[in-house]
Amino acid sequence: IMARQGYALTFGLLFAEALGLPFPAAIALVAAGAAVASHTLSGPAVLLASMVALLIGDSAQFWLGRYSGWALLGFLCRLSMNPETCILRSAESFYKRGKVTLLIAKFVPGLNTMAAPLAGSMKMHFGQFLQLDFVGALLYSSTYLLVGYLSRDFLAATLRGFHAAGRAI
């Protein structure tokens, strides 16, 4: 699938995750990185697709947070595994670490969904949000693409093992 629909698949999964849906964006980036290592996909094109998806999704979340405030955050927290402390932990992290939270938010489950609407609800300037979100998205995308790129042989061996087990069963 990655060879045929890699760019669209990467874009779609990252966009869905940026909107708060529980999709495996990091796994998609690792698979895309492995596809880049095998010369199936272009590295700059995959990075561009992932950055555009994340920035569009996060911007939508930012504006929803700006206009709906804590109502959106409450809804997103009801979808999380620990809804009671979801908003408090996310808001506390945002207050403690400030805007730097946007740089690392993508790596922290739960916070990745809450950071953009929190920034919007706290009336952060959109230009500043976009700059920090761009750097955070670039860091996130390039890290997981690099992991996939470097572990291509391991991933290929693992997939061969799964295929062999599937045929044996």
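## Overview of the packing of aromatic side chains
Applying the stated rule across the entire model yields ten aromatic pairs. An angle of 90° between the planes, with centres 5.1 Å apart, marks the rings of Phe 62 and Trp 63 as edge-to-face. Among the residues examined, Phe 62 registers a relative accessible area of 0% and is labelled buried. Relative to Phe 126, the ring of Phe 62 has its centre 5.3 Å away and its plane inclined at 50°; by these criteria the two rings are tilted. Placement of the pair is Phe 62 in helix α3 (residues 43-68) and Phe 126 in helix α8 (residues 126-150), with a sequence separation of 64 residues. Residue Phe 126 is classed as partly exposed on the basis of its relative accessible area, which comes to 26%. Through a chain of ring-to-ring contacts, the aromatic side chains of Phe 62, Trp 63, Tyr 67, Phe 126 and Phe 129 assemble into a single cluster.

## Some remarks on the packing of helix α2 (residues 25-37) against α8
Between α2 and α8, the shortest axis-to-axis distance is 6 Å and the interhelical angle comes to 55°. Judged by the inter-axis angle, α2 sits oblique to α8. Handedness of the α2/α8 crossing: right-handed. Packed against α2, whose contacting residues are Ala 25, Ala 26, Leu 29, Val 30, Ala 32, Gly 33, Ala 34, Val 36 and Ala 37, the element α8 presents Tyr 140, Ser 141, Tyr 144, Leu 145, Val 147, Gly 148 and Tyr 149 at the interface.

## Looking at the packing of α3 against helix α7 (residues 111-121)
A pair of packed helices can be characterised by two numbers: the angle between their axes and the separation between those axes. Where α3 contacts α7, the axes come no closer than 6 Å and their chain directions differ by 45°. Considering their axes alone, α3 and α7 lie oblique with respect to each other. For the pair α3 and α7, the crossing hand works out as right-handed. Across the interface between the two elements, Asp 58, Gln 61, Phe 62, Gly 65 and Arg 66 from α3 touch Thr 113, Ala 116, Pro 117, Ala 119, Gly 120 and Ser 121 from α7.

## Considering the nonpolar core
One finds Leu 14, Leu 41, Val 46 and Leu 54 to be the most contacted residues of the largest nonpolar core, which totals 18 residues. When residues of this core are traced back to their parent elements, those giving at least two are α1 (2-18), α2, α3 and α8. Among the elements that line this core, the one with the most residues is α2, at six residues. If sequence neighbours within four positions are ignored, Val 46 has contacts with Tyr 7, Thr 10, Ala 32, Val 36, Leu 41 and Leu 145. One finds Phe 62, Ala 105, Leu 111 and Leu 132 within the second-largest nonpolar core, a separate group that totals ten residues.

## A short note on the pattern of salt bridges
Going through the model one piece at a time under the given rule, you end up with one salt bridge. For Asp 58, the salt bridge is made with Lys 106, and the minimal N-O distance between the two is 2.5 Å. A residue pair is termed long-range when its members are at least 10 positions apart, and Asp 58 in helix α3 and Lys 106 in the loop between α6 (101-104) and α7 qualify at 48 residues. A relative accessible area of 2% means that Asp 58 is categorised as buried. In this structure Lys 106 comes out as buried when scored by relative accessible area, which is 9%.

## What about α2?
In a regular helix each residue adds 1.5 Å, so 13 residues correspond to 18 Å; α2 covers 18 Å between its end C-alpha atoms and thus fits that length. For α2, the buried fraction is high: ten of the 13 residues fall into the buried class. For α2, the full list of buried residues reads Ala 25, Ala 28, Leu 29, Val 30, Ala 32, Gly 33, Ala 34, Ala 35, Val 36 and Ala 37. Positive phi shows up at His 39, right after α2, with a value of about 65°.

## As for the confidence of the model for the chain
In this model, the chain carries an average pLDDT of 82, and 74% of its residues clear a pLDDT of 70 or more. Mean pLDDT across the elements of the chain bottoms out in helix α5 (residues 83-97) (59) and peaks in α8 (94).

About the cut-offs
Residues numbered from 1 in each chain as written. Predicted model: local features only at pLDDT ≥ 70, side-chain atom pairs only at ≥ 80, totals over all residues. Heavy atoms only, no water. Phe/Tyr/Trp six-rings, centres within 6.5 Å; stacked < 30°, edge-to-face > 60°. Buried < 20%, exposed > 50% of the residue type's maximum accessible area, 1.4 Å probe, protein only. Helix = DSSP H or I, 4+ residues; strand = E, 2+ residues; numbered from the N terminus. Axes fitted to C-alpha atoms, helices over the stretch in contact; angles between N-to-C directions. Parallel < 35°, antiparallel > 145°, perpendicular 65-115°, else oblique. Left-handed = near helix turned anticlockwise from the far one by under 90°. Contact = heavy atoms within 4.5 Å. Core = buried A, V, L, I, M, F, W, Y, C linked by side-chain atoms within 4.5 Å. Salt bridge = Lys/Arg side-chain N within 4 Å of Asp/Glu carboxyl O. Expected span 1.5 Å × (residues − 1). pLDDT = per-residue confidence, 0-100.

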